[in-house]
Amino acid sequence: MTKFAEIAVALPIDKLFQYRIPEALCGSLRIGSRVFVPFGPRTIVGYAVGLSDAPEVKEVRDLKGIIDKEPILTDEMLALTKWISENYFCTWGEAIEAVIPAGIKKGKEAIGSKIKVPEIKPEDLSRSEPHVLTKEQADALKEIVEYIDKGRHRTFLLHGITASGKTEVYLQAIDIVLARGRQAIMLVPEIALTPQTIERFVSRFGHRVAVIHSHLTPAKRFLEWKKIKEGRADIVVGARSAVFSPMSRLGLIIIDEEHETSYKQDDVPRYHAREVAEERARINQCPLILGSATPSLESFYKAKNGRYTLIKLTKRIEERLLPKVKIVDMRMELETRKKIAIFSKVLLDAIDKAVRAGKQSIIFLNRRGFSTFINCKKCGLVLKCRRCDAVMVYHFDEKKLICHYCNYRQDPPDICPKCRSGYIRYFGLGTEKVESELAHAFPRIRIARMDSDTTVKKGSHDRILTKFKAGETDMLVGTQMIAKGLDFPQVTLVGVVSADSTLNLPDFRASERTFNLLTQVGGRAGRGEDGGEVIVQTYTPGHYAILSAAKHDYEKFYDEEITSRKELFFPPFVDLVKVVVRARNEEYARKTAEDLAEALRAEDREAMVAGPAPAPMARVRGYYRYNVLLKGTDRAAMCALVKKVLTVFHRPHGILIAVDVDPISM
Ligand code: ADP
Ligand code: ZN
Ligand code: ZN
């Protein structure tokens, strides 16, 4: 007779807790259900992950109640969350909490309660019919279907240039999965979850689609979750967390734009959706498709080594050509025009030409604000955030200086806060300034700007895009928000104001990011019949990331980049575990990080331990940050090592320690 339950709780305590099941509840508790348990003086929600006959300690407290009659976690989800806790340095309870929607975490909402569920109506969308596939598309689909039919796991890397018809392959693969009575998950980056993408799925599959993204209210999110759980949806389209959709007949997972950094979660549990999807596909013995025009180095490396199956789509639909890319050496501009210009003559001429032809253009700069650098001419002071190591950026619309790391705001000073002189000057370049300079140079064209400043209000994102699509604006200026996914056939020109801003980031993935961004943003040009042109301004025109992006040559880029990763001992050759030590006092942070690195080195069997070193942004929100970096080939073993050391490590008061497995930034 089962009398005890093993309970996982969503706290950073790496163990399970045992509770006695009271007489009256015996027999009604099932593994995977939520329970109320006493925890110290409080009552909290826990998750039943095991049952047993014997107590492990003398004093076992009674659990207080069972929330779910039917388990909310299937065996699959229990296995998956356990795997996450072992691979991403969190507790089982923390991993479980991440896979169920916020609406039910507090134990308020029991499954099976009566909530009216409004159906997603396929609106007034006309049903879109499948295209007849091209030879490349058909071959790609055939390989994937083989695994759908065999009921076997395999990961496919679908490397297809922009507009080569990847999405059509996904749609038809899903169709086949549905026809076999199974279900599919389609992950897209948050940024791509525009009505455009959603429409494409809803118009093909109607009300069988559930959509999950971060803008849903907890209540709405819960309804979608319930719809899936009860088997009323067969396809989930969603951002990162949709990988946890509670489907019982999963037959396919797809990750579009698999290289996107938004697939990595920033908070505990810091999982990567690509890895979780692979584990889930393995548990379900179904295929996983990773799609991208610019695959992550990690995925392409696995494809080259045969761990993934590589499928290529090399041609654009209707044989449209990729846009011609022109690199403009801004050092030459500086020499010939004797001043620092924002726009080269080449770019200005190209804009002029597009305007005359009545075409649209997209101008890209990966930095928002007006002036990004404020400096006293007399004493040399650069205005920095009082809480961070970051420079203050002047925002013209708000007439404020804003820190992009902590959002601290202040009025622009009239005199230098250090030497009291009046020689404060504004330098640097953000999207606001680009917009205003272009409005100046081309007074007759209608310009819209899209960055996180202009899209704060609900719906403004869609409004800007809808107007652009309808031709009510001629030019779109923006940050990476406009780099991806947009399909506007009237755009013949894409201008990149500065390719250098991402290239100079202190991160081993800086080149990869630059290559991706240039390829993606360039892919917005020439999607219609009139072809397209991309103009890239840079002070480092010889860099391989820029050169290979200009030639649309992913493999050339990969070859260069993989060589450097190998030499420097970075992913995909090793896994990384980053331990961040933070404190308000710098000395204290550094000293603790040193002690911790020492303790890790003393234990070292599994990993190389580097550092501590100050984080590239050494101070944020008043906290100094030091990184200790572990490199090794066995991620779970590295996690176990860090867990072991941290359990006994004396953590002084006021010190915060965070562990990030497979970090996407340093
Ligand atoms: P990607 O996902 O690679 O960017 P899409 O699947 O969006 O490419 O395809 C680009 C465009 O071509 C879309 O408008 C799509 O409807 C269309 N398309 C895709 N496959 C075909 C096909 N086989 N025949 C005709 N048009 C197609
Ligand atoms: Zn000064
Ligand atoms: Zn700040």
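As the structure is a prediction and not an experimental result, all values here were calculated from the model.

S.K.: I'd love a proper account of the pairing of strand S3 (residues 34-39), names of residues and values included.
M.R.: Looking along a regular strand, one sees the side chains alternate between the two faces of the sheet. Burial analysis of S3 places five of its six residues in the buried class, the great majority of the element. Here S3 hands over to strand S4 (residues 42-52) after two residues, with Gly 40 in that stretch at a positive phi of 60 degrees. Of the strand pairs in this sheet, S3 and strand S5 (residues 65-66) are connected by two bridges, and their pairing is antiparallel. Looking across to S5, one finds that Val 35 is bridged to Ile 66.

S.K.: Which residues make up the pattern of salt bridges, and what values go with them?
M.R.: As enumerated under the stated definition, the model contains 46 salt bridges in all. Linking Arg 331 and Asp 329 is a salt bridge whose minimum nitrogen-to-oxygen distance equals 3.0 Å. Asp 662 serves as the salt-bridge partner of Arg 635, at 3.8 Å between the closest nitrogen and oxygen. Here Arg 635, found in helix H19 (residues 635-648), pairs with Asp 662, found in the segment after strand S27 (656-661); they are 27 residues apart in sequence, far enough to count as distant. A single burial state applies to Arg 635 and to Asp 662, both of which are buried. When salt bridges that share partners are traced, they join Glu 275, Glu 298, Lys 302, Arg 509, Arg 635 and Asp 662 into one network.

S.K.: I'd like a description of helix H11 (residues 345-356), backed by residues and values.
M.R.: Between its first and last C-alpha atoms H11 spans 16 Å; for 12 residues at 1.5 Å apiece the expected length is 16 Å, and the two agree. Residues Leu 347, Ala 350, Ile 351 and Ala 354 constitute the buried set of H11. The arc enclosing the buried residues of H11, seen along the axis, measures out at 100 degrees, which places them on a common side. Of the exposed residues in H11, the ones pointing more than 90 degrees away from its buried face are Lys 345, Lys 353 and Arg 356. If you follow the buried residues of H11, they end up packed against strand S14 (360-364), helix H12 (431-441), strand S21 (475-478), strand S22 (491-496) and strand S23 (533-538). Within two residues after H11, Gly 358 carries a phi angle of roughly 70 degrees, on the positive side.

S.K.: How would you explain the coordination of the zinc ion (ligand 3) if you had to name every residue and give the values?
M.R.: Protein coordination at the zinc ion (ligand 3) comes from Cys 385 (SG), Cys 388 (SG), Cys 403 (SG) and Cys 406 (SG), with a distance range of 2.2 to 2.4 Å. For the zinc ion (ligand 3), the four donor atoms are set out with angles of 104 to 113 degrees between them, so the coordination reads as tetrahedral. Counting along the primary sequence, the residues that act as donors to the zinc ion (ligand 3) give the motif C-x2-C-x14-C-x2-C. Of the residues examined, Cys 385 reaches a relative accessible area of 5% and is grouped as buried. By relative accessible area, Cys 388 is classed as buried at 2%.

S.K.: Go over the nonpolar core with me, naming the residues and quoting the values.
M.R.: By size, the foremost hydrophobic cluster in this structure holds 106 residues, and its most contacted members are Leu 73, Leu 476, Leu 596, Leu 600, Leu 630 and Val 642. With six residues, H19 is the largest single contributor of residues to this core. Not counting residues up to four positions away in its chain, the partners in contact with Val 642 are Phe 89, Val 577, Val 579, Leu 600, Leu 630 and Val 659. Counting 31 residues, the second largest nonpolar core, distinct from the first, contains Leu 141, Leu 171, Ile 174 and Met 186.

Scoring rules and cut-offs
- Residues numbered from 1 in each chain as written.
- Chains lettered and ligands numbered in written order.
- Predicted model: local features only at pLDDT ≥ 70, side-chain atom pairs only at ≥ 80, totals over all residues.
- Heavy atoms only, no water.
- Buried < 20%, exposed > 50% of the residue type's maximum accessible area, 1.4 Å probe, protein only.
- Helix = DSSP H or I, 4+ residues; strand = E, 2+ residues; numbered from the N terminus.
- Pairing = 2+ DSSP bridges.
- Salt bridge = Lys/Arg side-chain N within 4 Å of Asp/Glu carboxyl O.
- Expected span 1.5 Å × (residues − 1).
- Arc of directions from axis to C-beta.
- Contact = heavy atoms within 4.5 Å.
- Donors = N, O, S within 2.8 Å, 3.2 Å for Na, K, Ca; no water.
- Tetrahedral: all angles 85-135°; square planar, octahedral: opposite > 155°, others 65-115°.
- Core = buried A, V, L, I, M, F, W, Y, C linked by side-chain atoms within 4.5 Å.

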